[in-house]
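One-letter residues, chain by chain:
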Amino acid sequence: KAGVTQTPRYLIKTRGQQVTLSCSPISGHRSVSWYQQTPGQGLQFLFEYFSETQRNKGNFPGRFSGRQFSNSRSEMNVSTLELGDSALYLCASSLSVGEGADTQYFGPGTRLTVL
Amino acid sequence: GDSVTQMEGPVTLSEEAFLTINCTYTATGYPSLFWYVQYPGEGLQLLLKATKADDKGSNKGFEATYRKETTSFHLEKGSVQVSDSAVYFCALHSYNQGGKLIFGQGTELSVKP
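As the structure is a computational prediction, the values presented were derived from the model and not from experiment.

Parameters at a glance
- Residues numbered from 1 in each chain as written.
- Chains lettered and ligands numbered in written order.
- Predicted model: local features only at pLDDT ≥ 70, side-chain atom pairs only at ≥ 80, totals over all residues.
- Heavy atoms only, no water.
- Core = buried A, V, L, I, M, F, W, Y, C linked by side-chain atoms within 4.5 Å.
- Buried < 20%, exposed > 50% of the residue type's maximum accessible area, 1.4 Å probe, protein only.
- Helix = DSSP H or I, 4+ residues; strand = E, 2+ residues; numbered from the N terminus.
- Contact = heavy atoms within 4.5 Å.
- Pairing = 2+ DSSP bridges.
- Disulfide = S-S within 2.5 Å.
- Buried area = accessible area lost by both parts, 1.4 Å probe.
- Nonpolar A, V, L, I, M, F, W, Y, C, P; charged D, E, K, R; others polar.
- 1 Å grid on protein atoms, 1.4 Å probe; cavity = no way out; pocket = protein on both sides within 12 Å on 5 of 7 lines; lining within 4 Å.
- Points joined across faces, edges and corners; volume = space filled by probe spheres on them.
- Polar contact = N/O pair within 3.5 Å; in protein donor to acceptor, adjacent residues only side chain to side chain.
- Phe/Tyr/Trp six-rings, centres within 6.5 Å; stacked < 30°, edge-to-face > 60°.

Trainee: Account for the nonpolar core, naming residues and giving values.
Mentor: Counting residues in hydrophobic clusters, the biggest one holds 26 residues, and the most contacted among them are B:W35, B:L48, B:F73, B:L75 and B:Y88. Those elements that provide at least two residues to this core are β2 (11-14), β3 (19-21), β4 (23-26), β5 (32-38), β6 (44-50), β8 (62-65), β10 (86-93) and β12 (107-112) of chain B. A per-element tally of this core places β10(B) first, with four residues. Residue contacts for B:L75: discarding those within four places in its chain leaves B:L19, B:T20, B:I21, B:W35, B:L47, B:L48, B:F62, B:E63, B:A64 and B:Y88. Core analysis: the next-biggest nonpolar cluster, separate from the first, contains 21 residues, A:I26, A:V32, A:F64 and A:A87 among them.

See below:
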C-alpha cells in the first residue's frame, strides 16, 4: 500500500504571497491532519479533516486554511506569507473510526521557505 | 491541557550502547502513546505504540511500556547502531483533545561507530 504523499516537496516563496500544499492519504484513510514543524516551536497541530469537513483546529491565524476533497485528498493554503511561516509542513492520515483510528501515518513533508 | 515532556538532547552514544529516552505525559482520560522517529530530511515514521496501561510496544529492537502509575513511556534499546541516529518524538493521542497528536520536543540521538 502506498504511503502518504505530499507535493511539492520544496517551495520557496516571498513575503505576501500565498501557497497551496497538497496531501494524498493512504488508500482507505479518510482522516487527514496537518502539522507545522519548526526548530523553535516543534510540532504543532494545524487542523484535521474528515469527510470533507474540518473536525478540529489548532491555534493558528486565519491565514492558514485547508480543505478536503471527496477522495480524501487534502490541501492546505497559507495566504499573505510571513517569514515565520517558513517550516516543514507535515500531513498525516489515519482511519476515521475503529481500531487503529488513533494512529497517524505521516508523509515526507513540504519544506516551505519564505524570503 | 494534555502535554508531553521528553528528556532534552542531544544524546550521543557509542555503537552497541544501551539507549533510554525518557518521556512523561500529562493527560486526562486514557490516551494512546506513540514514539515516532525522524531521519534527516524526512517526515515522521511510526516506531511503536501502546494503547493502554502496561502495554508494551516494540519494533526494530526498540521497546516502550505504558506506565500509568508514573505517567511515563520511556523508549529503550539494548544495543544501538549508527543507523539509529535520528530525532525521536514521544506523542500522545487524546480524544479529549479532538483526536490530534500532542508531541514532545524531540530528542536527537547521535550514535558514533
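Trainee: Please set out the pairing of strand β6 (residues 53-57) of chain A residue by residue, giving values where relevant.
Mentor: Relative to β6(A), strand β5 (residues 42-50) of chain A is paired through four bridges, and the arrangement is antiparallel. The residue bridging A:F50 from the neighbouring strand is A:T53, located in β6(A).

Trainee: Would you mind going over the state of the cysteines in detail, with residue names and values included?
Mentor: For the coordinates displayed, the defined rule picks out two disulfides over all chains. Shown here is the disulfide that connects A:C23 with A:C91, its sulfur atoms set 1.8 Å apart. Across the disulfide from A:C23 to A:C91, rotation about the S-S bond amounts to roughly -60 degrees, and the bridge is consequently left-handed. Remark: A:C91 occurs in strand β9 (residues 87-94) and A:C23 occurs in strand β3 (residues 19-24); sequence separation between them is 68 residues. The burial state of A:C23 is the same as that of A:C91; both residues are buried. Disulfide pairing places B:C23 opposite B:C90 at an S-S distance of 1.9 Å. Residues B:C23 and B:C90 are joined by a disulfide whose S-S torsion is about -65 degrees; by sign, that bridge is left-handed. Residue B:C23 is found in strand β4, and its partner B:C90 is found in strand β10; the two are separated by 67 residues along the sequence. Taking the relative accessible area as the measure of exposure, B:C23 reaches 0% and is therefore buried.

Trainee: Talk me through the interface of chain A and chain B; I want residue IDs and the actual numbers.
Mentor: At the interface, 18 residues of chain A touch 20 residues of chain B. For the pairing of chain A and chain B, the buried interface totals around 1,400 Å² over both sides, and the portion due to carbon and sulfur atoms is 52%. Elements with a contribution of two residues or more to the side of chain A that touches chain B: β4 (31-38), β5, β9 and β10 (105-106) of chain A. With three residues, the top contributor of residues to the side of chain A that touches chain B is β5(A). By residue class, the composition of the side of chain A that touches chain B is nine nonpolar, six polar and three charged.

Trainee: Please set out the layout of surface pockets residue by residue, giving values where relevant.
Mentor: For the largest pocket, the calculated volume is near 460 Å³. A:Q37, A:P39, B:Q38, B:V87 and B:F89 are the residues nearest the centre of the largest pocket, which is lined by 25 residues in total. When the residues that make up the lining of the largest pocket are grouped by side-chain class, the tally is 10 nonpolar, 12 polar and three charged. Roughly 180 Å³ of internal volume is contained in the second largest pocket. A:L43, A:Q44, A:F45, B:K100 and B:I102 are the residues nearest the centre of the second largest pocket, which is lined by 12 residues in total.

Trainee: Just give me the short version of the environment of A:Y49, but keep the residues and values in it.
Mentor: All names here are of chain A. Tracing the backbone shows Y49 in strand β5. For Y49, a relative accessible area of 5% gives the class buried. Between the alpha carbons of Y49 and Q68 there is a distance of 6.3 Å; along the sequence they are 19 residues apart. Contact partners of Y49, with chain neighbours within four places excluded, come to R30, S31, V32, Q54, R55, S65, G66, R67, Q68 and S74. Among the polar contacts listed, one links the side chain of Y49 to the side chain of Q54, at a separation of 3.0 Å.

Trainee: Any details on the packing of aromatic side chains? Residues and values, ideally.
Mentor: Under the criterion given, the structure shown has 12 aromatic pairs over all chains. Residues A:F106 and B:Y36 carry aromatic rings whose centres are separated by 5.3 Å and whose planes lie at 85 degrees to one another, so their mutual orientation is edge-to-face. Placement of A:F106 in strand β10 and of B:Y36 in strand β5 is noted, with the two residues assigned to different chains. Judged by its relative accessible area of 10%, A:F106 falls in the buried class.

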